[in-house]
Amino acid sequence: MNNLKYGLWVIMLFGLMACQDTAPPNNVNNTATEAAQNDFVILALGDSLTEGLGVDETHNYPAILQQQLHNTGFVDVKVVNAGLSGETSTGLLNRLDWVMQLQPDLTILTIGANDAMRGLDLERTDDNIRTIIKILQQKNSDVILAGMEIYDNLGREYVSGFKDIYPRIAKDLDLPFIPFFLQGVAGDPELNQQDGIHPNHSGYQVIVENNILPAVTQYLNNNKP
């Protein structure tokens, strides 16, 4: 992986800069009714990378993704931002029942960076992500899984094991897969905020256009009624 140094700061600072909250994000509260009225709901589910910590709510990836989808003809798609700063896989699992009131047709799942920051057991993270996906599927939501990578400050075995969680789950559960959510953005100061951790508006545009939009468009072309 290129620009591995970015992963180090993700793991070291994610939890320090983004305190976890037990309440549902306000942006989910604000869009629940609106989403229920749309023909096709995409749920962006994850931590501060999904929430868009430090950028305007119109500049995070879910907002950019919705605009890009509308521009390409998917005008009846609503993308709901259910990211929560500081979220771990366990925290996400604990709030999943509330989030699922939105009844998404498709969920983009990006979780696990804060697990690694805390050096949590890899088997537990793997189990949590699998359980989250299975619950989503049981609630009639398809899932696109986005992978994450970290630097080797926790040791090569941990780093390799963490990276391997995502493609293994995607293969086992036969999921559409985005190998690395931050591909093309990690480590580039022009695409990140001053903290060197979270993407800026331009960074999120790159993430959407190069990493997320192709996977979502392919899914919609193959599956959307």
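Everything numeric here is computed off the predicted structure, so don't read it as measured data.

J.: Before we move on, could you go through the overall build of the protein and cite the residues and values that matter?
T.: For the protein, the count of helices and strands is 9 helices and 5 strands. Mapped in sequence order, the helices and strands of the protein form the string α-α-β-α-α-β-α-β-α-α-β-α-β-α. Every one of the 225 residues in the protein was classed for burial, and the buried ones make up 53%. Considering only contacts within the protein whose residues lie at least 6 apart along the sequence, 80% involve residues at least 24 apart. Carbon and sulfur atoms form 44% of the exposed surface of the protein, whose accessible area is close to 10,200 Å².

J.: Give me the lowdown on the sheet that holds strand β5 (residues 177-178), citing residues and values where you can.
T.: Taken in spatial order, the 5 strands make up an open sheet running β2-β1-β3-β4-β5, and their pairing is parallel. Both edges of this open sheet fall to β2 (77-83) and β5, since each of them pairs with a single strand only. Looking at chain direction, strand β1 (residues 40-46) and β2 are connected through 7 bridges and run parallel. Within β2, the residue paired with A44 across the bridge is N81. Packing of helix α4 (residues 61-71) onto the sheet brings it into contact with β1, β2 and β3 (106-110), and relative to β2 it is tilted by some 170°. With respect to the sheet, helix α9 (residues 201-223) is in contact with β1, β2, β3, β4 (142-146) and β5, its orientation differing from that of β4 by roughly 160°.

J.: I'd like a rundown of the pairing of β2, residues and numbers included.
T.: The element β2 is largely enclosed, with a buried count of 7 among its 7 residues. The two faces of β2 match: V77, V79, N81 and G83 on one face and K78, V80 and A82 on the other face are all buried.

J.: Account for the environment of Q205, with residues named and values stated.
T.: Mapped onto the fold, Q205 is located in helix α9. For Q205 and L65, which are 140 residues apart along the polypeptide, the C-alpha to C-alpha distance reads 8.4 Å.

J.: So, the pairing of β1: which residues are in play, and what are the values?
T.: Burial runs high along β1: 7 of the 7 residues are buried. Side chains of β1 alternate between two faces, with F40, I42, A44 and G46 and V41, L43 and L45 buried alike. As paired strands, β1 and β3 are joined by 5 bridges and run parallel to one another. The residue of β3 that forms the bridge with A44 is I108.

J.: I'd love a proper account of empty space enclosed by the protein, names of residues and values included.
T.: Summed over the entire model, instances satisfying the criterion amount to 1 cavity of 30 Å³ or more. D47, T110, I111, G112, A113, A146, G147, M148 and Y166 together form the lining of the largest cavity. Among the residues making up the lining of the largest cavity, the classes are represented as 5 nonpolar, 3 polar and 1 charged.

J.: Give me the lowdown on the packing of helix α7 (residues 122-138) against helix α8 (residues 156-172), citing residues and values where you can.
T.: The contact between α7 and α8 brings their axes to 10 Å, and the two run at 25°. As judged from the angle between their axes, α7 and α8 are roughly parallel. α7 and α8 meet at a crossing whose hand is right-handed. Where α7 approaches α8, its residues L122, T125, D126, I129, R130 and I133 are matched on the opposing element by Y158, G161, F162, I165, Y166, R168, I169 and D172. For the contact of α7 with α8, the class distribution of residues is 8 nonpolar, 2 polar and 4 charged.

J.: Quick rundown of α4? Include the residues and the values.
T.: Among the residues of α4, those classed as buried are Y61, P62, I64, L65, Q66, Q68 and L69. Where α4 is buried, its residues meet β1, α3 (48-51), β2, β3 and α9. Put simply, N60 is the residue that caps the front of α4, since its side-chain oxygen is 3.0 Å from the backbone nitrogen of A63. Directly beyond the C-terminal end of α4, a positive phi value near 105° is found at G73.

Conventions used here
- Residues numbered from 1 in each chain as written.
- Predicted model: local features only at pLDDT ≥ 70, side-chain atom pairs only at ≥ 80, totals over all residues.
- Heavy atoms only, no water.
- Helix = DSSP H or I, 4+ residues; strand = E, 2+ residues; numbered from the N terminus.
- Buried < 20%, exposed > 50% of the residue type's maximum accessible area, 1.4 Å probe, protein only.
- Contact = heavy atoms within 4.5 Å.
- Areas by Shrake-Rupley, 256 points an atom, 1.4 Å probe, with all protein chains shown as cover.
- Pairing = 2+ DSSP bridges.
- Axes fitted to C-alpha atoms, helices over the stretch in contact; angles between N-to-C directions.
- 1 Å grid on protein atoms, 1.4 Å probe; cavity = no way out; pocket = protein on both sides within 12 Å on 5 of 7 lines; lining within 4 Å.
- Points joined across faces, edges and corners; volume = space filled by probe spheres on them.
- Nonpolar A, V, L, I, M, F, W, Y, C, P; charged D, E, K, R; others polar.
- Parallel < 35°, antiparallel > 145°, perpendicular 65-115°, else oblique.
- Left-handed = near helix turned anticlockwise from the far one by under 90°.
- Polar contact = N/O pair within 3.5 Å; in protein donor to acceptor, adjacent residues only side chain to side chain.

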